[in-house]
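Below are the chains, spelled out letter by letter.
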Amino acid sequence: MKKLFHTAVLVGALISGAALAQTAPVEVDGAWARASTPGRKVTGVFMRLTAKADSRLVGVESPAAGSAEVHAMKLEDGIMKMRALPALDLPAGQTVELKPGSYHLMLLDLKAPLVQDSTVPITLVFQDAKAAQSRIGLSVPVRNAAPDAASPVDGHKH
């Protein structure tokens, strides 16, 4: 009987997870985090987001970092500048790419280095047009991609 109960709970959890995946307000694709460089306690996280209805990415959380923020990079007067955003608009049906040199997520004050072939847990917080919030938890693979001139990892300045 006990085994039957545990099986029923597991099946119920799987069905709930499948239903949640089908009703998630935003599709996340191609997520990855840059391995942290020696001596640095920051790194970037990148992905593609496609919302089913007009939404906004209003936050990011990770137990691997002291804080996490949504950021944008912009070339101003020949200088690449980065700033934290209070939210990132996600128009319905349009893919918004978070990539080096553009929109991205920053993990700040890393509690331990992020190394290639590991994963980092993050939670994305979204808000719909009616101000209802939803959360999507991810286990993001860490890649050892070399930083480039547009990288948010090195030269983290606002």
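Please read these numbers as outputs of a predicted model, since none were measured by experiment.

1. As for the environment of Arg143
- Here Arg143 is to be found in strand E10 (residues 133-143).
- Judged by its relative accessible area of 43%, Arg143 falls in the partly exposed class.
- The spacing of Arg143 and Thr119 is 24 residues in sequence and 9.0 Å in space, taken between C-alpha atoms.
- Here Arg143 is in contact with Trp32, Ala33, Arg34 and Ala35, once residues within four sequence places are set aside.

2. Side note on the nonpolar core
- With 32 residues, the main nonpolar core has Leu57 and Leu105 as its most contacted residues.
- Beyond its immediate sequence surroundings of up to four residues, Leu105 is in contact with Thr43, Gly44, Val45, Met47, Leu57, Val60, Glu69, Val70, Leu98, Ile122 and Leu124.

3. Focus: the packing of aromatic side chains
- In the structure shown here, the tally under the stated rule is one aromatic pair.
- Ring centres of Trp32 and Phe46 lie 4.6 Å apart, and the angle between their planes is 40°; this geometry places the pair in the tilted category. Placement of Trp32 in strand E1 (residues 26-34) and of Phe46 in strand E2 (residues 42-51) is noted, with a sequence separation of 14 residues between them.

Reading the values: the criteria
- Residues numbered from 1 in each chain as written.
- Predicted model: local features only at pLDDT ≥ 70, side-chain atom pairs only at ≥ 80, totals over all residues.
- Heavy atoms only, no water.
- Helix = DSSP H or I, 4+ residues; strand = E, 2+ residues; numbered from the N terminus.
- Buried < 20%, exposed > 50% of the residue type's maximum accessible area, 1.4 Å probe, protein only.
- Contact = heavy atoms within 4.5 Å.
- Core = buried A, V, L, I, M, F, W, Y, C linked by side-chain atoms within 4.5 Å.
- Phe/Tyr/Trp six-rings, centres within 6.5 Å; stacked < 30°, edge-to-face > 60°.

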